[in-house]
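Okay, here's what each chain looks like letter by letter:
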Amino acid sequence: MTLTHTLTPREIVSELDKFIIGQRAAKKSVAIALRNRWRRQQVPPELRDEIAPKNIIMIGATGVGKTEIARRLAKLAQSPFLKVEASKFTEVGYVGRDVESMVRDLTELAVSMVKEEERDTVRTKAEEVAEERMLDILYPRRADSSDEERSFDKTLEVVKSGDDERDRTREKLRKLLREGKLDQRYVDLEISQSSMPVVEIFSSQGIEEMDINFKDMFGSLFPKKTKKRKIKVPEALKILEQEEAQRLIDMDNVVSTAIERVEQNGIIFLDEIDKIAGRDHTQGPDVSREGVQRDLLPIVEGSTVTTKYGMVKTDHILFIAAGAFHMSKPADLIPELQGRFPIRVELDSLGKDDFIKILTEPQNALVTQYVALLETEGVSITFDTSAIEEIAEVAQYVNERTENIGARRLHTIMEKLLEDLSFTAPELQEKTLVIDATYVRDKLSEIKKDEDLSRYIL
């Protein structure tokens with residue numbers, strides 16, 4: 001069961017606060033949308049299918065946290081999540097991917113997710129069987145021709161005596177194997193190799209539309225080959241565990257669970273939705289924008305998409321769209337598509353105070369990341385409060401005077417600030433360093449002064 005069964009909207013927002021600064025309105029909207037997933041499962045079955053997800057459009061400049069909110073939300077819900085750029089569908093003639101491919105990709109991700117969960121479930125059993133197979137390689141079993149011999153009591157005693165001795169030897173080997181005393185030993189292992197040739201098929205609809213599994217179709221024509229390799233015991237054990245886990249996983253169950261998870265809990269994040277919003281153009285590549293919107297419409301409102309795992313319904317997939325909407329506005333989308341995104345949230349631009357919090361407060365804060373990276377070289381760095389404030393001020397200053405790229409500006413500034421230190425870290429004699437406002441000003445003063453230079457470097 002997913003975490004959303006126990007998390008209230010307020011708790012979901014609290015979890016998102018650990019990674020994303022500000023944007024209260026957007027967090028509130030996605031928390032309600034996520035909780036509604038759980039609520040829908042509690043209503044009577046006859047009403048359940050009638051309740052459609054309330055899709056969301058997030059409006060805000062780049063770098064304010066739109067993608068991060070959707071990504072963290074999916075992780076929190078343990079849902080299949082796919083981020084796709086809406087602009088990739090605007091190429092004339094759909095060179096590349098068709099719109100339905102995002103549902104196929106989401107299904108593929110869900111199958112991988114469920115398969116990994118199943119692998120964890122059968123891991124213990126797979127390890128046991130792999131260990132037995134490894135012992136068979138290290139100490140091969142004697143050919144058992146005892147069926148006829150067992151009819152004779154005298155022979156039976158001899159066989160039992162021999163078996164007892166072999167069992168003792170086998171247990172000694174098992175103990176050595178578990179203690180790691182055989183790790184440097186090499187064994188011969190047969191590894192299966194696919195001999196099927198690689199064939200690329202170019203199709204606007206995708207090979208899944210053909211509903212043919214070519215690997216199964218040509219399996220008899222291109223049988224699996226095995227290759228003997230001499231490898232160390234630990235690596236051989238891992239290969240054997242993977243083989244056994246694959247045998248133990250029920251793929252029919254994996255596929256049905258994955259499809260159900262996509263249909264009931266899937267989240268598709270449509271980024272750059274504003275790039276397909278223009279409708280005033282009548283020539284050039286922009287001519288396909290409205291066509292892409294019309295192709296998106298049936299998938300967002302609910303349709304059935306053919307995948308290589310079966311039919312997938314999109315009626316209850318949650319779509320979160322996002323865009324900066326600098327050159328267009330949500331009203332430029334065709335009315336039918338607007339109606340499928342009833343919730344609109346505007347994200348706030350980030351200022352100095354937000355940058356200070358982003359640098360220090362989240363679990364994955366930038367300062368924490370850089371401190372951990374340099375610790376690997378034995379260099380201990382500490383950021384003074386004045387340094388954090390100076391970095392935030394520079395970020396705001398550059399964003400105001402060049403292109404506003406939000407929190408992403410902090411990445412460029414931190415890289416420039418620590419460039420020399422990162423380069424010389426392995427050779428430094430002084431392994432402890434305090435970074436203060438003076439250090440920050442020294443490193444970034446030229447860029448801050450020269451606006452043209454900052455446009456190129458930051």
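Structure shown above.
Calculation rules
- Residues numbered from 1 in each chain as written.
- Predicted model: local features only at pLDDT ≥ 70, side-chain atom pairs only at ≥ 80, totals over all residues.
- Heavy atoms only, no water.
- Helix = DSSP H or I, 4+ residues; strand = E, 2+ residues; numbered from the N terminus.
- Expected span 1.5 Å × (residues − 1).
- Buried < 20%, exposed > 50% of the residue type's maximum accessible area, 1.4 Å probe, protein only.
- Polar contact = N/O pair within 3.5 Å; in protein donor to acceptor, adjacent residues only side chain to side chain.
- Salt bridge = Lys/Arg side-chain N within 4 Å of Asp/Glu carboxyl O.
- Contact = heavy atoms within 4.5 Å.
- Phe/Tyr/Trp six-rings, centres within 6.5 Å; stacked < 30°, edge-to-face > 60°.
- Lys NZ or Arg CZ within 6 Å of the ring centre and 35° of its normal.
- Patch = residues over 30% accessible without salt bridge, like charges linked within 9 Å, V, L, I, M, F, W, Y side chains within 5 Å.
- Areas by Shrake-Rupley, 256 points an atom, 1.4 Å probe, with all protein chains shown as cover.
- Lys, Arg positive; Asp, Glu negative; His and termini not counted.
- Charge placed at Lys NZ, Arg CZ, Asp CG, Glu CD.

A.B. asks: For this particular structure, what's the right way to read helix α10 (residues 251–265)?
C.D. replies: Turn by turn, an α-helix covers 3.6 residues, leaving residues three or four places apart pointing in a common direction. The terminal C-alpha atoms of α10 lie 20 Å apart, and with 15 residues this matches the ideal 21 Å at 1.5 Å per residue to within 8%. Those residues of α10 that fall on the buried side of the exposure criterion are V254, V255, A258, I259, R261, V262, E263 and Q264. With a side-chain oxygen positioned 3.2 Å from the backbone nitrogen of D252, the residue opening α10 is D250.

A.B. asks: Help me understand the pattern of salt bridges in this model?
C.D. replies: Opposite charge on two side chains makes pairing possible when the charged atoms of those side chains draw close. Scanning all chains against the criterion turns up 26 salt bridges. K27 is the salt-bridge partner of D17, the closest N and O atoms lying 2.5 Å from each other. Of the two residues, D17 is situated in helix α1 (residues 9–17) and K27 in helix α2 (residues 24–42); the sequence distance between them amounts to 10 residues. Taking relative accessible area as the criterion, K27 reaches 1% and is therefore assigned buried. Counted as one network, the salt bridges with shared partners bring together E131, E132, E171 and R174.

A.B. asks: Help me understand the side chain of D274 in this model?
C.D. replies: On the secondary structure map, D274 appears in the loop between β5 (267–271) and α11 (289–301). On the basis of relative accessible area, D274 is assigned to the buried category, the value being 8%. Separated by 3.2 Å, the side chain of D274 and the backbone nitrogen of F325 make a polar contact. Every residue in contact with D274, bar those within four places of it in the chain, is listed here: A322, G323, A324, F325, H326 and S328.

A.B. asks: Even after reading the chapter, I still don't get the environment of H411, so can you show me in this structure?
C.D. replies: Take H411: it is sitting in helix α16 (residues 408–417). Its relative accessible area of 42% is what places H411 among the partly exposed residues. In contact with H411, other than residues within four places in its own chain, are L366 and Y370.

A.B. asks: Looking at this structure, I do not really get the packing of aromatic side chains. What am I missing?
C.D. replies: Each aromatic ring pair is described using two quantities: the centre-to-centre distance and the angle formed by the ring planes. For the structure on display, the rule yields zero aromatic pairs. In this structure, R35 packs its charged tip against the face of W38, placed 4.0 Å from the ring centre. Against the face of F19 rests R72, its NZ or CZ located 3.9 Å from the ring centre.

A.B. asks: Please explain a negative patch on the surface as it appears in this structure.
C.D. replies: Together, D384, E389, D436 and D442 make up a negatively charged patch on the protein surface. Looking at the secondary structure, you find D442 in helix α18 (residues 437–449). Here D442 falls in the exposed class, since its relative accessible area comes to 58%.

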